Structures are given as C-alpha cells and as structure tokens.
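Close look at the chain arrangement
Listed below, chain by chain, are the residues.
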Amino acid sequence: MATDLKNTIQLPKTDFAMRANLVKREPERIAHWEKLDLYAAIQKKRAGAPAFVLHDGPPFTNGDVHIGTALNKVLKDIVNRYKSMRGFRTPFVPGWDCHGLPIEQKVTAQLRAENKTVSTAEMRALCGEFSEKWIAHQTKQFKRVGVLADWASEYKTKAPAFEADIIRTFAAFVEKGLVYRSKKPVYWSIPFETALAEAEIEYKDHVSPAIWVKFPVPTGEAHKYDLPADKPLSVVIWTTTPWTIPANLAIAVNPDVEYVVADLGEERIVVAELLLPSVLAAARIETAPVIDKKLTGAALEKLAPRHPFIDRTAPVVLADYVTTESGTGCVHTAPGHGAEDYLTGLKYSLPIYCPVADDGKYIDDGQIPADLVGLATLETVEDLAAKRTSPANIAVLKKLDASGALLAKAKYTHSYPHCWRSKTPIIFRAVDQWFVSLDNKVLGIRLGEEEPMTTPITPRKEALWSIQQVAWVPPSGEKRITGAVESRPDWCISRQRSWGVPIIAFYDDKKNPYLDAGVIRAVAEKIEKHGTNYWYDATPAQILEGVALPATWPAADALACGRDTLDVWIDSGSSHAAVLKRGQGGTQWPADLYLEGSDQHRGWFQSSLWTSVAAYGAAPYKRVLTHGFIVGADGKKISKSGQYEKPPTSDNYIAQYGADVIRLLFASQNFTEDLRVSNLDTDLKNPASILNVVAEAYRLFRNTFRYQLSNLFDYDHARDAVPYSKMDTLDRWALHQTAALIRECTAAYDAYEFHRVYQLCNQFCSVTLSAVYHDILKDRLYTHATNSPQRRSSQTAIHEIFHTLAKLLAPVLAFTTDEAWSFATAKNEYIDGDSIHLRDWPVAPAEWTDATLEADIAALLKTRAAVTEAIEPLRAAGKIGKSLDAVITLNAAAGAPERALYEKHRDFLPELFIVSQVEIADAPGAPAIEVSLASERGLHRCPRCWRSVPALHATPHGDVCPRCAEALQAFQVDK
RNA sequence: GGGCUCAUAGCUCAGUUGGUUAGAGCACGCGCUUGAUAAGCGCGGGGUCGAUGGUUCAAGUCCAUCUGGGCCCA
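Attention in this report is confined to the structure presented alongside it.

The rules behind the values
Residues numbered from 1 in each chain as written. Chains lettered and ligands numbered in written order. Predicted model: local features only at pLDDT ≥ 70, side-chain atom pairs only at ≥ 80, totals over all residues. Heavy atoms only, no water. Near = heavy atom within 4 Å. Polar contact = N/O pair within 3.5 Å; in protein donor to acceptor, adjacent residues only side chain to side chain. Helix = DSSP H or I, 4+ residues; strand = E, 2+ residues; numbered from the N terminus. Nonpolar A, V, L, I, M, F, W, Y, C, P; charged D, E, K, R; others polar. Pairing = 2+ DSSP bridges. Axes fitted to C-alpha atoms, helices over the stretch in contact; angles between N-to-C directions. Contact = heavy atoms within 4.5 Å. Disulfide = S-S within 2.5 Å. Buried < 20%, exposed > 50% of the residue type's maximum accessible area, 1.4 Å probe, protein only. 1 Å grid on protein atoms, 1.4 Å probe; cavity = no way out; pocket = protein on both sides within 12 Å on 5 of 7 lines; lining within 4 Å. Points joined across faces, edges and corners; volume = space filled by probe spheres on them.

**Looking at the protein's contact with RNA strand B**
Taken together, the neighbourhood of RNA strand B is formed by 53 residues, with G635, N762, S770, K882 and R944 sitting nearest. Taking all atoms of RNA strand B within 4 Å of the protein, the share assigned to sugar and phosphate is 77%. Within the side chain of R602, one N or O atom sits 2.8 Å away from a sugar or linking oxygen of RNA strand B. Within the side chain of D674, one N or O atom sits 2.8 Å away from a sugar or linking oxygen of RNA strand B. Taken together, the elements giving at least two residues each to the surface near RNA strand B come down to α14 (476-487), α23 (690-710), α26 (754-783) and α29 (851-876). For the surface near RNA strand B, the element with the highest residue contribution is α26, accounting for 13 residues. Grouping the constituent residues of the surface near RNA strand B by class yields 16 nonpolar, 18 polar and 19 charged.

**Topic: the sheet that holds strand β29 (residues 929-933)**
Read across the sheet, three strands follow the order β28-β27-β29 without closing on themselves; strand pairing throughout is mixed. Only two strands of the sheet have a single partner each, and these edge strands are β28 (917-921) and β29. In this sheet, adjacent strand axes meet at a mean angle of 20 degrees when their direction is disregarded. Across the sheet, α29 lies against β27 (886-891) and β29, angled at about 45 degrees from β29, the strand it touches most.

**Some remarks on the state of the cysteines**
Enumeration according to the criterion identifies zero disulfides in this entry. Free cysteine: C354, not disulfide-bonded; nearest cysteine sulfur from C492 at 14 Å. There is no disulfide at C964, and the cysteine sulfur nearest it, in C961, is 3.6 Å away. Taking relative accessible area as the criterion, C964 reaches 0% and is therefore assigned buried.

**Focus: the layout of surface pockets**
As a volume, the second largest pocket reaches approximately 930 Å³. Looking at the second largest pocket, it is lined by 32 residues, and the ones nearest its centre are T239, T240, V331, E340 and D341. If you list the elements that add at least two residues to the lining of the second largest pocket, you get β7 (233-239), β13 (330-333), α10 (339-347), β14 (406-419) and β15 (427-436). Element by element, the count of residues in the lining of the second largest pocket is highest for β14, at five residues. Per-class residue counts for the lining of the second largest pocket are 16 nonpolar, 14 polar and two charged.

Here's what the structure looks like:
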C-alpha cells in the first residue's frame, strides 16, 4: 500500500551526481572543451563585439605552477569568463617569461655537474629547452585549473619576433637619448659575475666583522684645524665590510652633528659626541676620557687623515645621511662600493675606485698591498656553511691590527643583501653599465597628440602623468606605483650573462661603446629573421652588412659585438608592444586590464609603464587590478606557515579538492588582501579548515543545482512554462529574490569583488532556497498533480532560477556549472556544442521585481520563524516530529496590520509554514502564536502528502486527502 | 628602518555620511526528518569589533600611539 502510494509521487530524478568526484570529472570536461574548441567558439560568438582585453603577465618558466600563480590565472579566467558572458569579445593571449638568471643558473649547475663547458649559443639553446619544458608543464597545470585561453597564440619572450620587439624597445630608449654608460656601483653577484637587478636581491641576516678603525691625522693637519697635536690623533670610523677599507677614499661626517676630540690617555680620537660611549665600550675603555674639544661636523670638512695602511689621504666630506644611530658618526666612504658613497664621491670629485675584479678578488693596481692581491672579498657558500668570514676581511683585520689602527672589533649580525639564487652575500662594485636616465628632459609624444610636446619633459614626469590616467584597483595601488616611480633610481638595464636579449652595442678595440637607434632597429630586423643566436654566431661585419652606420663610427670590421644582455624586466615590460600593438590573438593596445600580484607595482606594472611611456607616451593599460598573496591559515606567508609535506603547487591542491573548489576558494576571499589557505596536509582532517569549509560551500551549490535539476525531470520549458502573470505567489517571490541576486552579483563582478558573489550566492542557496523556497516546494512538486498549475509554476521558477544561478556562478565554478548545464539542457534544449560559457549573462525581467510582494513575504517569514520557534518545545517534549503534524493559530486583533497580512495570504500560510492548518483568531490575552497537534484537532493524516486534513477520500490507492485524490486521478489518466 | 596595506564570532564576509541589546553563511552543540538521504529542516551556544589613549552626549565606525601579519624598498 505505502509502496503503491509512493509510486504515485513525483520524486526528484536526475543523473547529475550528488558526489562531485571533481578529480575524475574535471579532466573529462577539459577534454570535452578541447573537443568543442570552447575558446574559439566563445571568440566566434563575440566576434565584432566590443573587446575587453586582459593582458596576461607572463609567469616565469622554471617550475611547477604554485598555488599563488594559480590564484592569479584563475582570477584572470573569472574576469574573462564574466566579461565574455556580458557580451564582450575577450581575447586572452597567455604569456611566458623565458629569459633570466634562475634558468641560466639551473642549466649552468647541470652543466657543471656533468663537467661540461659549452659556447654561449649552446648555453642559450639549453636554456631555451629548459624554458620550453616548463611551458609545457605549466600549460597543462593552468588548463587543469580551468584556465581558458588562446594557447595557440601564446607569447614567449624568447621567440625571435618577441626578442626583436624587446630590442626595439631598447631602440626607443636610445632614440630619446636616455641611454648612457657609466661606472656605478651595482649589486654584484660574485658566483655569477654579474650585476643583479633589485628584484634579484634578497635580504638575509649576515654575521659581519664590525671594526672601529683609526685614521691618523697628521700633525700639520691637526694644527690647521686647531686640534690638539701633542698626542697621536685619529678619526675613528666604523664599518661592517673590512674588505672595503683598501678602497676607502674619504670619511663622511654629518655637518650638523656634534663631534668631540676625546683624550684616551695615550692618544686622542675624533667621534660623534653621542656615540663616544658606545665606541669606548667597544674598545673596552673604562676610564672616562677628557673631552678636549667639541665641534660640528661642518668644521671638519676637508681635514685629511691618512689611510691606515695605504699611502694616501682620506679627506673628511660632509653628508646628510650620516646619523648617530650606530658606528662613530664618521662614515668610511668608498665611492666604488656603495650607493651613497658613490654620490658623495661625485660631489667631491673623488675617483669611483674599485680595486675588485669580476670574481670578487682584489686586483693588482699598484695601490693594493701585495699581500691582499687575489684575496676574495666576500664569503662563498662554503665559507658561510663553515661560518667563517672572507679571506679579505681576515687579511684586512690583520693589517689594521699590525699598523695599530684597529681600535676595536666585534661580530655584527645585520640584514645584508644576498644574491637570490646563490644565497651568497653580494658586493657593491662599480662597473661599466648601461643606464636609462629617467630624469633627462626629452620631447615626448602624448597619446592622442600627433605633434611632439613642445616642452621637454622627463620620463619620470611623463610616467607620473600616465599613472593618473589609469584606474587602480584597489585605489591604494596608485600610491604604491607612484612611490615606486618617484623613488626609483636610473634604470640599470645591462646584465653580464647569456640567457637574455643582447644589448645591441658595439665596441672598438679601446672598448669605446657605439650605440645608435637606427643600427639597433636594423639589427632587430635581422634577429627577428634569424633568431637571437645570430648576434652570438655572426661576425660584426655580417651583422652590420647593409646597415648604414653613423658617420662617427669606425668600419664594421673594426668593431666587436657587446656581450651584455638586457634586464629581463625589459622583456616582460615589452609585452604590450610585442603582443597588444601587433594585435596578437585579436588583442589590442592599450589593455583594458592588467591583473597581477601587488608585488608587480615595482615589477611588471612599472617596467611596462616605462617602456610604454618612452615609446608611446602613455600607460599600456586602462585599469590595473592587484591581488594579495596566499598565506597560511595563521596569516603568515605560506613558506613559514605550518608544516608542508607536499609542495604548495596548484596540482597538489587540485589532486585533493578539485579545481572548482580551489577556484571557489579564490573567489571566497577578498583578494585585494592576502588570501588564507589551509595547510594541505595538516588541515585536511579539520572540518573547520578553510579549504574544507569552502568544499562544504561547494557541496551546497552542487546540491542546489541537483535539487533543481532533479525536480525538472518532467518539465519541458517550451510546453510547461507558466507565464509570470499566472505564477504562484511564492514563485513570484522567489523570482523577486533572484532578480535581486542578479543585480547584486553583477555589481559585485563589475567591481571585481568576487567574494561578494560568493557570499550572496551562498546565502541565496542556503537561506532563500534551501531553508525556505525549496523546502516549501517539495510538497507541490512531489504530491501535486503532474500538470497542476501550481506545480508547473514552481517548475518554471526553478527553471529560471537554475539558469540564473548557474550563470552567475559560471565564471567561478567553471566546471560544475557547465556539467550541471549539460544535464539541464540534454533533454530539451541541448544543442551539440553547447556550454554555459557560451551563454549570455542573466537579465531579470522588470516584472520579477515586486516590492510589495517582497515586503509581505518578508513579514510573513518573520512569523514563520516565530512559528518554528513555537513548535520547538513540542518537538523537544517528543510530542511532534514533522512540522506538518502541527496546527497553528495566529492571534491578531481585527484591524492590526498583521491581521490584514494574514487574511491576505490566508490560503498560502499552511504551505509557507509547512504545517497542516493555520487558523487566524483573535483570542484576547492568548499568545500571538499557538501550536496544537493535528491529531488532537480531529484531523486525519493523508498517507500520501502527510498533511492532516478534516477528512480523507477513498481511492483505489487507499484513503487520501482530497487534493491527493485529485492528483491520483490525473495520475491514473497519465498511466 | 622607510612606503603601502590589513586586523569584526573557530572560518569567510556585512556593517551606509559615528547613533538603539554588532549581523550573515559556514563550522560547532542539541533535536527533527528519512519522499534532496554520504542529503534536508529547526533550535541553540559563541564576539570587551587586535591593544591603549583621545575627540564626542554617543565610536567597530574619527584621531594618535602601540602590537601582530602581508607586499615592496633600505
């Protein structure tokens, strides 16, 4: 009997599985998309539509896709999918950053391990292969997280055409007269014998020998400055780099600081007054010295103490950066070995002296003492492991000690720049480099103005102007890049290495450089044709054959090709020219959007800005969006957060959760700040871990789709749809909520606030649908006659809501929404090659919005909450299980506003409350809501719909309620 | 050390121009249901809004300092 009745109920039915099994299903969907060529299909659909160009910042091609890299690409994918559904043509050309030291270093290490030496061209080929291998890996990994892109049009910075464009970017700098050659201290990696970019430096603690060194003041000098001369007098400096003492050319003091001449008994020293106690402490002098004289730093200018062991003076110079925070207030100055020292050296016309060779060892220049020549200035990896300081430091210490100049020494731990790859400390070393001046005034051309500007402007000012034309999201990004652009020194663009794009400069036999924009452009043409190795394989005469040389140049056969390469930031910074300007893959310049991590303010956003401003007089982007970094559950950077057994690669997370859960995670948090991710191994079993909570939210969405699909099993939209005007109240309310959801989600997507989409959809599914709408609907859908208008009305609404919700979530849940879509469309509407990603963004018909209805139901839902609360004590007492076993009495005085509301929706209330009966009464003094048991009210429970009614009707299926009897009749007819 | 930035329940987010007992979802606890069932429903506990000081009749919301985190720089 019961079984019989159950067969007359329209229970939900679908093949859309409750269990996601994403790890298995997603790769199948990727295969499906590739078979469809979904990317091409989307482009075809939007051909001719206004373009929205998100220009991809190229990831570096030397390892697996990290979860942070996945974040970046997924955010781009979400944007592209959304914009495309909104009707834009969204060409997305992915890029790869191929050149650079890390790859060269790995290849070099490999060659060393194999004990091989190769030519530059061979080395470059190996680096190219290395890069290519990782491009293949990363492509797979990006596809696995669901990134949809024009992989066939991808750009690689190592492609000859791209390299030619990098060279042309360089030509633009040369053309503007911004490129100059200068000796300047640069970060120098000793193991790699190369200058390093700022981005290639990392700061780590380093234990240095701190030394206090006496620079003796000759008696004559002392007299000139009216300093006591009856005892030895010296100026004491403090340094943590003893190896730079041989390069000392001056001592800097702050003109405004008070200095003292202190009598130590046997001798006198000059130091800053405030630092005297610390100097005495370092020298272990306990007796208080006599202060013979006080004077400001300015009074010491040009005093000429002697170098402690080299026959020259170390004149006192003035510098504002000298502080009394540490040291002696007298700063050892070596213009060839420090940025500030260099500037001071220029100011006082000191030589930019650097007696250290490329390998970091002292050279024999006639000044360096013979016992120092050939000693290494800074520590090797082995030295660091053994915790010993460098040979040069030791030797200098010995020399100072022998000459009696060493006042004190100590170990000093401080943050010191290290080469990011070799992990060894770097040195500052003055070498010849190419620079781009950012402060030369040149005539620029501003975008939209055909004539060159008549007032010369510096690239820096031009860049700052361009920044203001761009929309920065979040707005703080503008401050950040402005700060970076304002404070950046001239751009050192040359590197001494192999795996990069060569600087097209020539040198005569006296090493004089020759640089010309026309020549560079001509060579770029040849490189575009022959590849960059042409520069390394061909002779200068071949390279310059057919190229018109400037009159001042020697003949081609008297020239040699330079071996410097360009800073890799010029590579990626040229992508807008190499890709967008050429319309690669249907793109266009400028980009509508750049979207990268916030570290790129000083990186790609900036390098792209400089190249674009130099060449085109404007930024290459209209809008720049930045995201934060992935951090651990404790908010600390992922490398320092918890224990990771597995590397935090995109693949490892996907293997555990599936791509859609990872995508949902990225969308669930405000990405302009840091994103927290639980530790893959340690948090896996914690139900409250961030990823598990997101996985739970994923299940909510999936189940929502499943409920909707399963209840549409017998619904044919063309046949069964109910027009809005004839729809049931509750269904119209659901559509009102859906319209609001569309509005709010669209606004959130437009503001790039995906976490709001997540929150909105989450609450819509759990509160609006699951707890209210879907729960109430079960009765209609299951028990009403198949074709009852109310059932069809609800199905129509569900159909609409499914379409809407699936589309709203499609940019994020790219896999699951498309999977659900295939189940929805398979029966009636499925067209071969369909995909939710080919559909248009949902638009709510105006009629869906009904403020009066919304207000009514909102009020009734409050009553509903009170009703469920009132039922709860009965449930706790074991008197009631299902709410359908309850009869509710609502007490409201005639004339009270709620009374009118109750009356208005009287018939609908049992359904809304999911109870068997609702009575409206006015019993003075009674509670607003009274609950009684249906059984005690003489009602009979219908075995089919479980509602209690006054009387049951006999049918061939047994006794049921009148409504079910009617439904069964229809059921019989259908059968 | 400097620039930018963040800090609201266990987690992720809301909290309009300062104004009643600070909200939501999830998680957690307890029940119900067994016709969304490796599902669904209800009820409940949980926050000195990072800390301190200040402005104000009134501060999560404004100001200052500090603490902790992140990115970038030194």
